[in-house]
Amino acid sequence: MIGLLIVDDHPVVRDGLRGMFAGDDRFTVLGEAGDGREALAVAATVNPDVILMDLRMPVMDGVSTIRSLKENGSAARVLVLTTYDTDSDVLPAIRAGATGYLLKDAPREELFRAVVAADRGESVLSPSVAGRLMGRLRAPAPDKEPLSQRELEVLTLIARGCSNRETAGKLFISEATVKTHLLHAYAKLGVRDRAAAVAAAFERGLLGRD
């Protein structure tokens, strides 16, 4: 049996989904939650195989919940089940780690197949979501914002092993300013930490390898 956790802020939706899955012996509903914070607590207790996750919820939204589940080391697969298929909903959910993305108007059998596939680790996307993602892939990639001269100087020193304090001393700026330049560089390079920023800068040919 595939153990499910149903996360949705509407009790009627949760009741409907529970009743739907109760009629199929491949599934068992282990728990329910009405918001993301509650979902994290319940998931830690019941250890579901698949979590059906709404996105727009009070207290803690779906994307933040998916991200927290991954950070907490949860092995559960997250299948987003929502009404919305805009870029602002789809892309953050997938980037956060969702295994699949379905709309709530999906037929019962399609939802069942999606849960089984998600349990196997397979990506499942509703047709409209798949089309939207393909459109994004086919669109020309936007030019990446270039790093400023000061950001390059900071990254060069960081690449040489300098700490923030040492970098500040060499450039005659404050440590706070160094941190600000690093944060701007992270955003432009699409990374989250110093090591990744240096690696990305090398890959783009922005830093010498001497």
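Analysis parameters
- The residue numbers shown here count from 1 along each chain, following its written sequence.
- Residues qualify for local features only when their pLDDT is at least 70, as the model is predicted, and side-chain atom pairs are given and counted only at 80 or more; totals for whole chains, interfaces and linings, by contrast, use all residues.
- Heavy atoms from the whole structure form the basis of all side-chain values; hydrogens and water molecules are not counted.
- Counted as salt bridges are all cases of a side-chain nitrogen of Lys or Arg within 4 Å of a carboxyl oxygen of Asp or Glu.
- Only DSSP runs of H or I covering at least 4 residues are called helices, and only runs of E covering at least 2 are called strands; the numbering of each starts at the N terminus.
- Partly exposed describes any residue whose relative accessible area lies between the buried limit of under 20% and the exposed limit of over 50%, with all areas from a 1.4 Å probe on protein chains only and scaled to the type maximum.
- Pairing between strands requires that DSSP locate at least two bridges from one strand to the other.
- Every residue pair with non-hydrogen atoms within 4.5 Å of one another is taken to be in contact.
- Note on method: axes are straight lines fitted to C-alpha atoms, helices fitted across the in-contact stretch only, with angles between N-to-C directions ranging 0 to 180 degrees.
- For this analysis, a polar contact is any N or O atom pair within 3.5 Å, provided that within protein one partner can donate a hydrogen and the other can accept it, and provided that sequence-adjacent residues contribute only side-chain to side-chain pairs.
- The convention is simple: Lys and Arg are positive, Asp and Glu are negative, and His and the chain ends are not counted.
- Here the angle decides the label: under 35 degrees means roughly parallel, over 145 means roughly antiparallel, 65 to 115 means roughly perpendicular, and every other value means oblique.
- Residues are grouped as follows: nonpolar covers Ala, Val, Leu, Ile, Met, Phe, Trp, Tyr, Cys and Pro; charged covers Asp, Glu, Lys and Arg; every other residue, Gly included, is treated as polar.
- Given the number of residues in a helix, its expected span is that number minus one, multiplied by 1.5 Å.
- Directions from the helix axis toward the C-beta atoms define the arc.

Colleague: Would you mind going over the pattern of salt bridges with me for this structure?
Modeller: Oppositely charged side chains are able to pair whenever their charged atoms sit close together. Within this structure, the stated rule accounts for 10 salt bridges. The salt bridge involving arginine 18 is made with glutamate 32; its shortest N-O contact spans 2.5 Å. On the criterion of sequence distance, the pair formed by arginine 18 in helix H1 (residues 11-22) and glutamate 32 in strand S2 (residues 27-33) is long-range, its members being 14 residues apart. Of the charged contacts in the structure, one is a salt bridge between lysine 188 and glutamate 151, with a shortest N-O distance of 2.9 Å. Here lysine 188 is found in helix H9 (residues 175-189), whereas its partner glutamate 151 is found in helix H7 (residues 149-159), with 37 residues between them in sequence. A relative accessible area of 18% places lysine 188 in the buried class. Taking the relative accessible area as the measure of exposure, glutamate 151 reaches 4% and is therefore buried.

Colleague: For this particular structure, what's the right way to read the sheet that holds strand S4 (residues 77-82)?
Modeller: Pairing between the strands of a sheet is mediated by backbone hydrogen bonds and can be parallel or antiparallel. Strand order across the open sheet formed by six strands is S2-S1-S3-S4-S5-S6, with parallel pairing between neighbours. Lying at the two open borders of the sheet, with one neighbouring strand each, are S2 and strand S6 (124-125). Examined bridge by bridge, strand S1 (residues 2-7) and S2 share six bridges and lie parallel to one another. Considered in S2, the bridge of isoleucine 2 is made with phenylalanine 27. Across the face of the sheet, H1 comes into contact with S1, S2, strand S3 (50-53) and S4 while running at roughly 165° to S2. Sheet contacts for helix H3 (residues 62-71): S3 and S4; angle to S3, the most-contacted strand, approximately 160°.

Colleague: Just checking my understanding: could you explain helix H2 (residues 36-46) for this structure?
Modeller: Of the positions making up H2, those classed as buried are Gly36, Ala39, Leu40, Val42 and Ala43. Contact partners of the buried residues in H2: S1, S2, S3 and H3. With a side-chain oxygen lying 3.0 Å from the backbone nitrogen of arginine 37, the N-terminal cap of H2 falls on aspartate 35. Just beyond H2, the residue with positive phi is asparagine 47, at close to 50°.

Colleague: Even after reading the chapter, I still don't get unusual backbone geometry, so can you show me in this structure?
Modeller: Excluding glycine, residues mostly carry a negative phi; peptide bonds, for their part, are mostly trans. The phi dihedral of valine 59 is positive, around 70°, even though this residue is not glycine. Assignment of secondary structure puts valine 59 in the loop between S3 and H3. At phenylalanine 172, a position not held by glycine, the phi torsion is positive, near 60°. With respect to the helices and strands, phenylalanine 172 occurs in the loop between helix H8 (164-171) and H9.

Colleague: Quick question: what am I supposed to make of the side chain of aspartate 35 here?
Modeller: Position of aspartate 35 among the secondary structure elements: in the loop between S2 and H2. The buried charged residue aspartate 35 lacks any salt bridge, with arginine 37 as its nearest oppositely charged partner at 5.8 Å. A polar contact of 3.0 Å, which involves the side chain of aspartate 35, links it to the backbone nitrogen of arginine 37.

Colleague: Any chance you could explain the packing of H7 against H9 here in plain terms?
Modeller: Helix-helix packing is described using two parameters, namely the angle between the two axes and the distance between the axes. In contact at an axis separation of 9 Å, H7 and H9 are set at 100° when each is read in the N-to-C sense. Considering the angle they form, H7 stands roughly perpendicular to H9. Contacts between H7 and H9 involve Arg150, Glu151, Val154, Leu155 and Ile158 on the former and, on the latter, Val178, His181, Leu182, His184, Ala185, Lys188 and Leu189. Across the contact of H7 with H9, the residue classes tally to seven nonpolar, two polar and three charged.

Colleague: Where do I start with H1 in this structure?
Modeller: Residue pairs three or four apart in sequence face the same way in an α-helix, which turns once every 3.6 residues. For H1, with 12 residues, the first-to-last C-alpha span of 16 Å sits near the 16 Å given by 1.5 Å per residue. Inspection of H1 places Arg14, Leu17, Met20 and Phe21 among the buried residues, and these make up the whole buried set. Around the axis of H1, the buried residues are gathered within 130° of arc, so they sit on the same side. Every exposed residue of H1 that faces more than 90 degrees away from the buried side is listed here: Val12, Asp15 and Ala22. Buried residues along H1 sit in contact with S1, S2, S3, S4 and helix H5 (108-119).

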